[in-house]
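Read off the chains here:
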Amino acid sequence: MFFEKIFFYCMAFLCFSRLGEAFAGGGKDLNSEVAGGFSPVVEGKFKEPCFSADSIVINEDNDHFFKGKPEDMTEKGLRDYISNFSGGKITHIFMCPNGQRTSYKSNVHEPIWECAPDAPHRNIWCDNCKRLYDAGIDPYSVWIDECRKQKISPWITVRMNDVHFITIPGYFRTMDYWRKHPELWRVPYKDLGKGGAWTDFAFNYAKKEVRDFQFSLIKELFERYDFDGIELDWMRFCAHLTPGKGMEESKFLTEFVGDVKRLAQCWEKKRGHPIKISVRVPATIETSKYLGMDAVEWARLGYVDLIVPSCFFETADFDIPSGEWRKSVADSGGRAQVAPATDNGVCAYPGKARSPLDWALLNGWASNSYARGAEFLYIFNLPYNPELLALVAKNGLSREDVAGRSRRHPITYRDFLECKSRQDKKIALPKYSPCQFDVFVGDRAPMNASVGVVLGFDKENAEENLPNVFLNGRKAVSAQRAELPLVNYGSSKSAVRFVFPTDSLSAGLNRISVESDTPEKIVWVEIFVDAG
């Protein structure tokens, strides 16, 4: 027993010593070079998966709760908030403590309430976080404890490069450190007063100073909180390296993720339980790799346990190729799981109005996701829709349940801020008739369901002069004005619902054909399944 203890303390000392060398600049980097890349992490690479097929992950962002009532900024208010997620269906909460500034009193980054008192758009978020701090309450410690009491797995998710409204001079979220170091921006010293793309002003991870600064927050979070896992959210805001050099400089992100993995391994020993790592990245392997987020390589090296291919914000992506991600990970020898993510709205094409996610849309997205290879599901920004959150918490989104529910399957697009090609955005709308659309619907509709197509038009009263619409070669048996408010159809000027026999709809891909004597501009397309 004595020699076992000596061995344990020696190994722990060695582990933390190597971390200290790497992040203080002393000694050789943790990612010792091997032929073709970085050294894989062997320990922990082949552990059992931590998510099951019925898992549901909800992302609680950095400011949602803190924009609530001041009287709720108490330990009781924090614990009561977690009850919104209880019910047995939501299995994991990924809670975000930062979005440029932190929502707790960080010692290495700047807390939200320490922005200038007259900073543009400063709001109750700052004041409520300060209320909690003054009361000696750490919201994330309380939430982690309450999650475990309610048998929900608590994770921390870190926004790796948030740039919300960063072009507003003096904006309350932006950090003094960022303002003082324009040489660390992706486009160094760009004139902030002239505006431009937010991502031009993001930190550049090709700079060691940036990696050190961002890693200091990761390190603090490990020291401060006992979580089940940590997510590196690279989707806030997608662009992390020198413009146009994502693939060339991807090694810097790979190095960073590897460092986080090794830090997690050290803390696993101290906490006495596994600490998993998730990464949220663009929806396709191609664009993720193009932008330097080589998540398949991270999985091959054993750095990550979960890959979350995701939309950005404007629209849910109903065609995330999770199966391709899983195959690429398996072919690489990695063991990471794959769960696609959606945001809380849908949009037909860039510049079109965003429609709110509803229960039928969410079930349609879930059905598509399972059929495309999802192992389980991840939902971003859902707490902003408490009614929808309650439905998820109560009813869940298992594949079997979703297949029997009413659902909507609209055409959307890929809303990456940057991508390799326009084709990767999958922009199909608007389009003038006569025309065709291919729409994926996941599993087959129940036999007693009503099925059909909704078309949104760029003119009022489109039902007065209808085109002929076919689903997989079969003509619609009836047509009428769509029942939902037009905001639910991308704010089309009019929308028409075409009904077909149930057996017209196939599982997977379906072809919609629109025939008309005069061209009609179509701005919204969906297939619906009405389970009654």
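Above this note sits the structure.
As a starting point, this report considers the structure included with it. In this text the structure is predicted, and so the values were computed from the model without any measurement. (Residues numbered from 1 in each chain as written. Predicted model: local features only at pLDDT ≥ 70, side-chain atom pairs only at ≥ 80, totals over all residues. Heavy atoms only, no water.)

## A few points about the packing of aromatic side chains
The geometry of an aromatic ring pair comes down to the distance between the two centres and the angle between the two planes. Applying the stated rule across the entire model yields 34 aromatic pairs. Through a chain of ring-to-ring contacts, three or more aromatic side chains come together here, namely F65, F66, Y81, F85, Y104, Y140, W143 and Y225. For the cation-ring pair, R236 lies above F237, with the distance from its terminal atom to the ring centre recorded as 5.5 Å. Across the ring face of F440, the terminal group of R372 is positioned such that the distance to the ring centre comes to 3.8 Å. (Phe/Tyr/Trp six-rings, centres within 6.5 Å; stacked < 30°, edge-to-face > 60°. Lys NZ or Arg CZ within 6 Å of the ring centre and 35° of its normal.)

## Structural notes on the nonpolar core
In summary, soluble globular proteins display a tendency toward joint burial of nonpolar side chains. Counting residues in each nonpolar core, the largest one holds 142 residues, and the members touching the most others are F222, W234, W298, V304, I307, F437 and I512. Looking at this core element by element, the count peaks at 8 residues for helix 7 (residues 250-271). Each residue touching F222, except ones within four places of it in the same chain, is listed here: F227, I230, V260, L263, A264, W267, R271 and I275. If you look at the next biggest cluster of nonpolar residues, it comprises 11 residues, including F51, V57, V308 and F380. (Core = buried A, V, L, I, M, F, W, Y, C linked by side-chain atoms within 4.5 Å. Buried < 20%, exposed > 50% of the residue type's maximum accessible area, 1.4 Å probe, protein only. Helix = DSSP H or I, 4+ residues; strand = E, 2+ residues; numbered from the N terminus. Contact = heavy atoms within 4.5 Å.)

## Describing helix 3 (residues 124-134)
Of the residues making up helix 3, those classed as buried are W125, C126, N128, C129 and L132. Contacts from the buried residues of helix 3 go to helix 2 (75-82) and helix 4 (139-149). The residue sitting at the N-terminus of helix 3 and contributing the capping side-chain oxygen is N123; that oxygen lies 2.9 Å from the backbone nitrogen of W125. Phi turns positive, to about 75 degrees, at G136, one or two residues after helix 3. (Polar contact = N/O pair within 3.5 Å; in protein donor to acceptor, adjacent residues only side chain to side chain.)

## Points about the pattern of salt bridges
Counting across every chain of the model gives 43 salt bridges. Its salt-bridge partner being D145, residue R79 comes within 2.8 Å of it at the nearest N-O pair. You can see R79 sitting in helix 2 and its partner D145 sitting in helix 4, a full 66 residues away along the chain. R173 is paired through a salt bridge with D162; the nearest N and O atoms lie 3.6 Å apart. In this pair, R173 is assigned in the loop between strand 7 (153-159) and helix 5 (176-180) and D162 in the loop between strand 7 and helix 5, connecting sequence segments 11 residues apart. Pair check on accessibility: R173 and D162 agree, each one buried. (Salt bridge = Lys/Arg side-chain N within 4 Å of Asp/Glu carboxyl O.)

## Brief notes about the side chain of N204
The topology assignment puts N204 in the loop between helix 5 and helix 6 (208-224). Judged by relative accessible area, which is 3%, N204 ranks as buried. A polar contact is formed between the side chain of N204 and the backbone nitrogen of A206, at a distance of 2.9 Å. Once residues lying within four places of it in the same chain are set aside, the contact partners of N204 are L184, W185, R186, V210, H240, L241, T242 and E249.

## Side note on the sheet that holds strand 20 (residues 468-471)
As summarised here, the arrangement of the 4 strands in space is 18-24-20-21, forming an open sheet in which the pairing is antiparallel. Among the strands making up the open sheet, the edge pair consists of strand 18 (435-440) and strand 21 (474-475). Here strand 20 runs beside strand 21; their pairing, made up of 2 bridges, is antiparallel. Considered in strand 21, the bridge of F470 is made with K475. (Pairing = 2+ DSSP bridges.)

## Focus on the packing of helix 6 against helix 7
In contact at an axis separation of 11 Å, helix 6 and helix 7 are set at 20 degrees when each is read in the N-to-C sense. Classified by the interaxial angle, the pair formed by helix 6 and helix 7 is roughly parallel. Considering how the two elements wind past one another, helix 6 and helix 7 form a crossing that is right-handed. On helix 7, the residues touching R211, Q214, F215, I218, K219, F222, E223 and R224 of helix 6 are F252, E255, F256, D259, V260, L263, A264, W267 and R271. (Axes fitted to C-alpha atoms, helices over the stretch in contact; angles between N-to-C directions. Parallel < 35°, antiparallel > 145°, perpendicular 65-115°, else oblique. Left-handed = near helix turned anticlockwise from the far one by under 90°.)

## Brief notes about the pairing of strand 15 (residues 377-380)
Of the two faces of strand 15, the one lined by L377 and I379 and the one lined by Y378 and F380 are each fully buried. Taken together, the 4 bridges between strand 3 (residues 56-60) and strand 15 define a ladder with parallel strand orientation. Looking across to strand 15, one finds that V57 is bridged to Y378. Across 2 bridges, strand 12 (residues 341-342) lies against strand 15 in parallel orientation. Bridge pairing in strand 15 places A341 opposite Y378.

## Re the environment of V296
In this fold, V296 is placed in helix 9 (residues 295-300). Expressed as a C-alpha distance, the spacing of V296 and D331, which sit 35 residues apart in the sequence, is 9.5 Å. What V296 contacts, discounting residues up to four positions off in sequence, is I285, W325, S328, V329 and S332.

## What to know about the state of the cysteines
Scanning the model with the defined rule gives 0 disulfides in all. The cysteine C238 is free of any disulfide, with C311 supplying the nearest cysteine sulfur at 9.8 Å. According to the relative accessible area criterion, C238 is buried, its value standing at 2%. (Disulfide = S-S within 2.5 Å.)

## A short note on the environment of W365
Mapped onto the elements, W365 comes out in helix 11 (residues 359-371). Its relative accessible area of 0% is what places W365 among the buried residues. Distance from W365 to F318, taken between C-alpha atoms, is 5.4 Å for residues 47 residues apart in sequence. Apart from residues no more than four positions distant in its own chain, W365 is found in contact with D317, F318, P340, A341, T342, L377, Y378 and R408.

## With respect to the side chain of D63
By the secondary structure assignment, D63 is in the loop between strand 3 and helix 2. Classification of D63 as buried rests on a relative accessible area of 2%. Reaching out from D63, the side chain makes a polar contact with the side chain of Y384 at a distance of 3.1 Å. Once you skip the residues sitting within four places of it in the chain, D63 turns out to touch W125, R173 and Y384.

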